[in-house]
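Chain residues, written in single-letter form:
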There are 2 protein chains.
Amino acid sequence: MRKMNLIPMLKPDSVAIIGASRDPDKVGHVILQNYINAGYSGRLYAVNKKADGDIMGVKTFVSVADIKDKIDLAVIAVPAQFVPKVLEECGKAGVRTAVVVSGGFAEIGNTQLQDEMVSIAEKYAMPTLGPNCLGVMDPRSRIDTLFLPTYKLSRPRVGGVSFVCQSGAVGSTVLDLISGEGFGLSKFISYGNAAHVDEVDILNYLMDDEETKVVIMYIEGIKRGKEFIEIAKKITKKKPVVVLKAGRTAAGTAAAHSHTAALAGSYEAHEALFRQYGFTIAEDLGDLLNYAKILSSETFPKGNRTMIITNGGGTGVLVADAIGSSGILAMAQLGQKQSIYLRKSMPPLVNIRNPLDLAGDADDKRYETALATITSDDNVDMIIVIALFQTPGADSRVAAKLVNFKDRTDKPMIVLSIGAEYTQMHRIMMESAGLPVYDSPSAAVRSLAELLKYANYRNRA
Amino acid sequence: MRKMNLIPMLKPDSVAIIGASRDPDKVGHVILQNYINAGYSGRLYAVNKKADGDIMGVKTFVSVADIKDKIDLAVIAVPAQFVPKVLEECGKAGVRTAVVVSGGFAEIGNTQLQDEMVSIAEKYAMPTLGPNCLGVMDPRSRIDTLFLPTYKLSRPRVGGVSFVCQSGAVGSTVLDLISGEGFGLSKFISYGNAAHVDEVDILNYLMDDEETKVVIMYIEGIKRGKEFIEIAKKITKKKPVVVLKAGRTAAGTAAAHSHTAALAGSYEAHEALFRQYGFTIAEDLGDLLNYAKILSSETFPKGNRTMIITNGGGTGVLVADAIGSSGILAMAQLGQKQSIYLRKSMPPLVNIRNPLDLAGDADDKRYETALATITSDDNVDMIIVIALFQTPGADSRVAAKLVNFKDRTDKPMIVLSIGAEYTQMHRIMMESAGLPVYDSPSAAVRSLAELLKYANYRNRA
C-alpha cells in the first residue's frame, strides 16, 4: 500500500499561502489572517503574483519559486484554472505537501483540470489535499488553513479526536460544535474531491499518529475499496473509528454525486464492511460527536451492567427506558454491601435501587457518597450520572465532584445534563475537564452502547 | 366526563403562597420571590404560621382563613404531614384551586396521606394539582409556582405551546430548553402524582384554551383509560398533541413506578392508542421540542414533496438521506419554469436540482432569489432551508430574509443551522420570530414528517 507522508502537512516548519491577499473579502486574506491569529510559530510566507513587500506583516513573493527556503506546506487559494500552474511551480521548488482549497474541479464537471492537478502531484510525489476542501487544522502545531473567520467558526482546543471530513460544510459545523461543547481536537482534515490524498492515505497516517485517540469521519464515497479494507482491518485494532457515511438512500446518493462527484455505492455493502471491521457507525451528525467523546476517553467497560444516578426521577426513567431499548446494555443491580451502606447514608426519601434517585435537593456531598459507593461496586460496569442543574442542590460543586470522580474510577462514566445557559456553563466545565457530557437520554445511552460494542470488538480481535 | 375549571389556577386574580418564608433556602421563599420577579399583577398574599407583617413586602397571614379576600389559587409548600390541614383550611375559606408542590406522598409509599388530601379536594370541589410537582406557569398571566430560581432555569417567553408534564425534573429541563431556544410557552402544568387533577382534566382544559396551539406531554402512566380515550378522540381534531410516554421497557416501567407510583401498563398498548387518535409520538426529550416547534406554526402541507435549499453541499446530502429514510417525505422536483429561471439567475457553479446547493458564498440575495422562485412552485409542498452561518456569505441578513419569507408563503418552511455561538445567535433570532429552527438533519426531517402525518390525520378525521 502506498504510504504518503502527511507529517509536513500537519506539522510544517514552513508554510506558503499562495493567493494571499490584502482584500479582506478574499479567501487568501482570511487564511493568512487565521494563520497569524492561531499563533503559528513556523516560518510563514505569502505568495501573490501582483504583490511586493508584505501582506499583514508577512513577507510576500510573486512566486513560490522566489522563496529561498524549503517549504513544507503550500496552501493554494487561487482560481481553479491557475491551480495546475501554481502546483507545478510548487513541485519544481521542492515544496513537500500542498492543500488546494479552491473549488471548480470534478464537482462541477471539470474532471480534466482535476486530472491535470493529480498528475503534477504524482510527478513530484507531493501529497496534495483537495481540491474543493477546507484543508487542515492542528491545534497543537497551530496549523489552520480554513478560510472561515474565527468569529463565525470557533476553533476547538487541543485534544485526542481527529476528524476526517470530505465535505467542507459538514466539517465546519462539526468543528464548531466540538469547540462549542468544549472538547478537544487532534487534527481536522477536510479532503474534498479526494483527487490525490484520499481517505485511505489519511487513515494510514492517523493510525500511527500518537496524538490521535479516536478518528471520526464523514465520507460520501470510498475510492479505493481494496486498500480501504486493508487499512480498516488494522486501524480499529489500534483506535476506534466512527464513520458517518452519506448516500444511505437513493436521494442521498444522487445528492452526494453532484456534491463531490463521489460514487457512493450501496450503503448496505458499506455498512456491512464497517461493522465487520469494528467501525462505529454514526447515523446522524450529532452522533459523530457523541461517540467520539466517550471513545476518546480510552476507558473500556468490563461488562454491560449500567448504573444510573440521578437528581431527577423522570429523567432517570427515560434513561432506564433507553437502556432497556439498547439491545446491549443492562441495568446493574447494586451489591448487598453497597445497598446497605447507601440505605444508612441516604435520606429516607431516596430509594436504594437503580436508578438511584438522589432527589431534587441532592448536593455535592450526596453525589460523592453515591459515587464513592457505586464506583467500588463490582456489580457495576458503567455509570450514567444525571446532573440536572435546575434543581436547588446542584451547582458547580456538583460538577467539580463529578470531574473529580472521573479520575478515581476505571469504570466508564458519563454525565447527562439538559438545559440552557446555567446548565450549558456546567456542561462545558465538565467536558473541558475530559468528562463526557450528553444532552439527551438516548444520546447518552447510545454512546455507552457503542463504547461497549467497540470494547467487545477489541477483545475479540 | 367530569370537567374541572382550571382557569382560576392558570389565570388567578388572587394568589396565596402557603409556606412562604423569609429564609432564602426554603422552597416557599423561592416561590414567592419568583411571583414577585415575574411581575404578577393580581392580589398576592403570603401565609406562614409563624409570620406577622410581611415577607418581601407581601402581606402575610398566619392562616389562609385570615385573608379577607376570595383566593383563586393557593400554592401549598409545607411539609407533607401538614398538607391535609392546610388544604382543609383552604376549602373552608372558599379557595377555588390549589397546587401542592410538597413531596412525600404516594411516591414514597404514603398513599394514606395522599388519599386524605384527595378526599378534602373532592369535598370542597377544589381542583388540586400535585402533590410532588412543580405546579404551573403561564407567561401571559405571569403565574409561576416553580420553586426553581430563574438563574438556574430561565423562563420562556409567551407562545402557543402548552406543556403537560408528570415529572418535575423533565418539566424543568424542557422548560429551560424552550427558553434557551427562544420559542414560546402558553402554559406549563407539572402534575406530579396526579392525585386529584390528572392528565385527562388537563387535556380537557387545554382543548378549549384558545392560547394553546399545540400540547406536548410527558407521562408515566394514564390513570383513567376510558376517559383518556374519550378526550383523545376529540382533542387532536382541534390541535396537535405530542406525547413522550415513559415506561417503554421493563427497566423504564420499574423506574417509573418508583418515581410517581405510576402503573405504566404496556407501552405497545399505549402507543397503538396514541397512533389511533392522531397523537404525535416523541421517542426522546428533544423531539417534544422539535415537533412542538413546527406543529405550533399551524401551517400544514398539501403534500409530501420537500425541497432542500442549502449553502453547504454535505449537509444537503445528509438531509436528502434523511428524507429518503423517512418513509413519508419525497424529494420535490422543481417545475420547468422555475428551473429555467433559477439557471438564469444563479452563478454557474450552482446546480439547479434538489438539493439546491447555493454554495458557500451564498448571501441574502441568493437565498431570496431561490426562495422567491421555490415558494411559488406548485411542485413543492415543504421547504427545508439549510443556513450554515460558518460560511463567508451567511450573516444576520440571511437570517432576516428567511424570517421574512415565513410570512410570504403558505408552505411549511423550516431552517437547519448547526454550530456554536455565532450560529446559536442566529438560531435564537429566527426562532424568536416564529421560524422553526433545527440543529440536526434527522431532527429537521423527522419534524416535517410528523407535521405531514398530523396533517393527514386531520384531513381524514
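Note that the structure is predicted; figures quoted are calculated from it, not measured.

1. A few points about the nonpolar core
Note that soluble globular proteins tend to have their nonpolar side chains buried in a common cluster. Counting residues in each nonpolar core, the largest one holds 226 residues, and the members touching the most others are A:Tyr35 and B:Tyr35. Not counting the four nearest positions on each side in its chain, A:Tyr35 is found in contact with A:Val15, A:Ile17, A:Tyr40, A:Leu44, A:Leu73, A:Val75, A:Arg142, A:Ile143, A:Asp144 and A:Thr145.

2. Points about the interface of chain A and chain B
Contact residues are listed per partner, giving 67 residues for chain A and 67 residues for chain B. With both sides pooled, the region where chain A packs onto chain B buries about 4500 Å², and carbon together with sulfur makes up 65% of that total. It is A:Lys152, A:Asp321 and A:Gln390 in chain A that bury the most area against chain B; as a group they hold 15% of the surface buried on that side. At the boundary of chain A with chain B, the tally comes to zero salt bridges. Listing elements by their share of the side of chain A that touches chain B, those giving two or more residues are helix H5 (168-181), strand S13 (241-245), helix H8 (250-260), helix H11 (313-326), helix H15 (421-432) and helix H16 (441-460) of chain A. Of the residues that constitute the side of chain A that touches chain B, the class distribution is 31 nonpolar, 25 polar and 11 charged.

3. Looking at empty space enclosed by the protein
All names here are of chain A. Counted under the stated rule, the structure contains one cavity of 30 Å³ or more. Together, Glu181, Lys293, Gln424, Arg427, Ile428, Glu431 and Val437 line the largest cavity. A total of four residues in the lining of the largest cavity trace back to one element, the largest contributor, which is H15. Broken down by class, the residue content of the lining of the largest cavity amounts to two nonpolar, one polar and four charged.

4. Comments concerning the environment of A:Val398
Residues and elements named next belong to chain A. Secondary-structure assignment places Val398 in helix H14 (residues 396-406). Taking the C-alpha atoms as reference points, Val398 and Asp363, separated by 35 residues in sequence, lie 6.4 Å from one another. Once you skip the residues sitting within four places of it in the chain, Val398 turns out to touch Asp363, Asp364, Tyr367, Ala387, Phe389 and Gly393.

5. Comments concerning the packing of helix H10 (residues 285-295) of chain B against helix H16 (residues 441-460) of chain B
Residue and element names in this part refer to chain B. H16 packs onto H10 with a crossing angle of 55 degrees between their chain directions and a minimal axis gap of 9 Å. As summarised for this structure, H10 and H16 are arranged oblique, according to the angle between their axes. Relative to H16, the crossing made by H10 is right-handed. Contact with H10, carried on its side by Asp287, Asn290, Tyr291, Ile294 and Leu295, involves Ala443, Arg446, Ser447, Leu448, Glu450, Leu451 and Tyr454 of H16 and no other residues of that element. Residue composition of the contact of H10 with H16, grouped by class: seven nonpolar, two polar and three charged.

6. Some points on the relation of the copies chain A and chain B
Screw-axis analysis of chain A against chain B gives a translation of 0.0 Å along the axis, an RMSD of 0.0 Å, and a rotation angle of 180 degrees. In short, the pair behaves as if placed about a two-fold rotation axis. The C-alpha atom lying nearest the rotation axis in chain A is that of A:Glu421; the distance is 6.0 Å. Of the interface residues in chain A, 100% have counterparts in chain B that sit at the interface too, so the contact is made through matching surfaces.

7. Points about unusual backbone geometry
The step from A:Gly130 to A:Pro131 runs through a cis peptide bond, and the omega angle for that step is -5 degrees. By secondary structure assignment, the location of A:Pro131 is in the loop between strand S7 (128-129) and strand S8 (135-138). A cis geometry characterises the amide bond from B:Asn354 onward to B:Pro355, with omega recorded as 5 degrees. The topology assignment puts B:Pro355 in the loop between helix H12 (336-345) and strand S17 (356-357).

8. Points about the pattern of salt bridges
All names here are of chain A. Inspection of every chain in the model, using the stated rule, returns 62 salt bridges over all chains. Of the charged contacts, one joins Lys3 and Asp208 as a salt bridge, the two residues approaching to 2.9 Å between their closest N and O atoms. Highlighted residues: Lys3 in the segment before helix H1 (7-10) and Asp208 in the loop between helix H6 (199-207) and strand S12 (214-219), separated in sequence by 205 residues. Note on Lys3: relative accessible area 52%, which makes it exposed. Look at Asp208 and you get partly exposed, because its relative accessible area is 39%. When the shortest N-O distance is used, the salt bridge between Asp209 and Lys187 registers 2.7 Å. Of this pair, Asp209 sits in the loop between H6 and S12 while Lys187 sits in strand S11 (residues 185-190), placing them 22 residues apart in sequence. For Asp209, a relative accessible area of 10% translates into the label buried.

9. Comments concerning the pairing of S11(A)
Residue and element names in this part refer to chain A. Burial analysis of S11 places six of its six residues in the buried class, which makes it a mostly covered element. With three bridges connecting them, S8 and S11 associate as antiparallel partners. Residue pairing across strands places Gly135 opposite Ser190, the latter belonging to S11. When strand S10 (residues 158-165) meets S11, the two strands line up parallel, connected through five bridges. Residue pairing for S11: Val164 is matched across the bridge by Ile189. Following the backbone out of S10, through H5 and into the adjacent parallel S11, one traces a crossover that is right-handed.

10. Overview of the sheet that holds strand S4 (residues 58-61) of chain A
All names here are of chain A. Judged by pairing direction, the sheet is mixed, and its seven strands sit side by side in the order S3-S4-S2-S1-S5-S6-S7 without closing on themselves. Single-partner strands in this sheet number two, and they are strand S3 (54-55) and S7. With two bridges connecting them, strand S2 (residues 43-47) and S4 associate as parallel partners. Bridge pairing in S4 places Val47 opposite Phe61.

11. Let's talk about the packing of aromatic side chains
Counted according to the given criterion, the structure contains 16 aromatic pairs over all chains. An aromatic cluster is present here, built from A:Phe228, A:Phe274 and A:Phe279 joined pairwise through their rings. One cation-aromatic arrangement involves B:Arg408 over B:Phe405; the distance from NZ or CZ to the ring centre is 3.9 Å.

12. Quick look at helix H4 (residues 111-123) of chain A
Residue and element names in this part refer to chain A. Spanning 13 residues, H4 covers 18 Å between terminal C-alpha atoms, matching the ideal 18 Å at 1.5 Å per step. On the buried face of H4, the contacting elements are helix H3 (83-92), strand S6 (97-100) and S7. Just downstream of H4 lies Ala125, where phi reads positive at about 45 degrees.

Definitions and limits used
- Residues numbered from 1 in each chain as written.
- Chains lettered and ligands numbered in written order.
- Predicted model: local features only at pLDDT ≥ 70, side-chain atom pairs only at ≥ 80, totals over all residues.
- Heavy atoms only, no water.
- Core = buried A, V, L, I, M, F, W, Y, C linked by side-chain atoms within 4.5 Å.
- Buried < 20%, exposed > 50% of the residue type's maximum accessible area, 1.4 Å probe, protein only.
- Contact = heavy atoms within 4.5 Å.
- Buried area = accessible area lost by both parts, 1.4 Å probe.
- Salt bridge = Lys/Arg side-chain N within 4 Å of Asp/Glu carboxyl O.
- Helix = DSSP H or I, 4+ residues; strand = E, 2+ residues; numbered from the N terminus.
- Nonpolar A, V, L, I, M, F, W, Y, C, P; charged D, E, K, R; others polar.
- 1 Å grid on protein atoms, 1.4 Å probe; cavity = no way out; pocket = protein on both sides within 12 Å on 5 of 7 lines; lining within 4 Å.
- Points joined across faces, edges and corners; volume = space filled by probe spheres on them.
- Axes fitted to C-alpha atoms, helices over the stretch in contact; angles between N-to-C directions.
- Parallel < 35°, antiparallel > 145°, perpendicular 65-115°, else oblique.
- Left-handed = near helix turned anticlockwise from the far one by under 90°.
- Least-squares fit on C-alpha atoms with pLDDT ≥ 70 in both.
- Pairing = 2+ DSSP bridges.
- Right-handed = clockwise from strand over helix to strand, strands pointing away.
- Phe/Tyr/Trp six-rings, centres within 6.5 Å; stacked < 30°, edge-to-face > 60°.
- Lys NZ or Arg CZ within 6 Å of the ring centre and 35° of its normal.
- Expected span 1.5 Å × (residues − 1).

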